[in-house]
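Listed below are the residues making up each chain.
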Amino acid sequence: MPNPWDVGSAKLLASVGFAALATTSSGYAMTLGRLDGSVTRAEALSHAAAIVASVDVPVSADLENGFGDDLDAIAETVRGARAAGLAGCSIEDFGRDGIYPMPAAVERIFGAAEAAHDDGGPMVLTARAENYLHGRADLADTIARLQAYQAAGADVLYAPGVQDLADIRSLVGSVDLPVNVLALPGTAPVVELAAAGVRRISVGSGFNAVA
């Protein structure tokens, strides 16, 4: 599931046969001349809606930490994602003050899942454990977080930055939901990730950075 950063790249990626797309927060920020984390909720949702309207495949959105720490902010963000026509979205457990403590992180995913699935909504919620992107290469804590996010109602689990194939196997074997892996330089090839049980691969801002 590659990550377009504008309508043109979305059209190109859809045209070569990808079955789904996802926005990239950092890739989109770069198109605005900004750093990741500086885009507003309104900007992110408007950008996502434009990509949804430009292609005929499902689109998910990188919605960072839900654009707020509290549950009301997250619910507003996810409801906005549904209104934008998105088929899915991701919410991460990293905020202004670092990785959220486990209880708060789980509560946030529970609130996001409630908004994503309200009234039988079909939105696929991806819960992200951000440890490895922020200097906390703690596999046990990462697995514990993903297990808790599974119990809180997530549909897909994602720990960007985990690259060691043995660690990926451990992660996949510890949960019951589909696992997404971020393709970074040095990540195992697709065929090996598939053999390890990975169900989805994304590239983050990789294609944008190359372009």
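As the structure is a computational prediction, the values presented were derived from the model and not from experiment. (Residues numbered from 1 in each chain as written. Predicted model: local features only at pLDDT ≥ 70, side-chain atom pairs only at ≥ 80, totals over all residues. Heavy atoms only, no water.)

Attention now goes to the sheet that holds strand β6 (residues 124–128). Read across the open sheet, the seven strands follow the order β1-β2-β3-β6-β7-β8-β9; overall the sheet is parallel. The open sheet has two edge strands with one neighbour each: β1 (21–22) and β9 (200–202). Of the pairings in the sheet, the one linking strand β7 (residues 156–158) to strand β8 (residues 179–182) comprises two bridges and is parallel in character. Across the sheet, Y158 pairs through a bridge with N180, a residue of β8. The strands touched by helix α5 (residues 102–117) are β3 (88–92) and β6; relative to β6, the strand with the most contacts, the crossing angle is about 170 degrees. The sheet strands contacting helix α6 (residues 139–151) are β6 and β7, and the helix crosses β7 at an angle near 160 degrees. (Pairing = 2+ DSSP bridges. Helix = DSSP H or I, 4+ residues; strand = E, 2+ residues; numbered from the N terminus. Contact = heavy atoms within 4.5 Å. Axes fitted to C-alpha atoms, helices over the stretch in contact; angles between N-to-C directions.)

Let's shift gears to the pattern of salt bridges. Counted according to the given criterion, the structure contains nine salt bridges. As a salt-bridge pair, R96 and D69 come within 2.7 Å of each other at their nearest N and O atoms. Of this pair, R96 sits in the loop between β4 (94–95) and β5 (98–99) while D69 sits in the loop between β2 (59–62) and α4 (71–83), and the two are 27 residues apart along the sequence. Overall, the relative accessible area of 29% leaves D69 in the partly exposed class. A salt bridge links R145 to D141, with the shortest nitrogen-to-oxygen separation between them at 2.9 Å. Taken together, the positions of R145 and D141, both in helix α6 and four residues apart, correspond to about one turn of that helix. Here R145 and D141 have matching classes, each one buried. (Salt bridge = Lys/Arg side-chain N within 4 Å of Asp/Glu carboxyl O. Buried < 20%, exposed > 50% of the residue type's maximum accessible area, 1.4 Å probe, protein only.)

Here the focus is the environment of G33. Structurally, G33 is set in the loop between α2 (25–31) and α3 (41–54). Overall, the relative accessible area of 69% leaves G33 in the exposed class. In the structure, G33 is positioned 72 residues away from A105 in sequence and 30 Å away in space, judged by C-alpha atoms.

Okay, α5 next. An ideal rise of 1.5 Å per residue puts 22 Å on 16 residues; α5 measures up with 22 Å between its terminal C-alpha atoms. The set of residues buried in α5 consists of A105, R108, I109, G111, A112, A113, A115 and A116. Residues of α5 that are buried in the fold lie against α4, β3, β6 and α6. Looking at the residues trailing α5, positive phi occurs at D119, about 60 degrees. (Expected span 1.5 Å × (residues − 1).)

Attention now moves to α3. Helical geometry: 3.6 residues make up each α-helical turn, so side chains three or four residues apart lie on a common side. Along its 14 residues, α3 runs 20 Å from first to last C-alpha, staying within 8% of the 20 Å computed at 1.5 Å per residue. Looking at α3, one finds that the buried residues are A44, L45, H47, A48, I51 and S54.

Time to look at the pairing of β6. The element β6 is largely enclosed, with a buried count of four among its five residues. Where β3 lies against β6, five bridges are found, and the strand directions are parallel. Within β6, the residue paired with G88 across the bridge is V124. In this structure, β6 lies alongside β7, joined through three bridges in parallel fashion. Note on β7: the bridge partner recorded for R128 is Y158.

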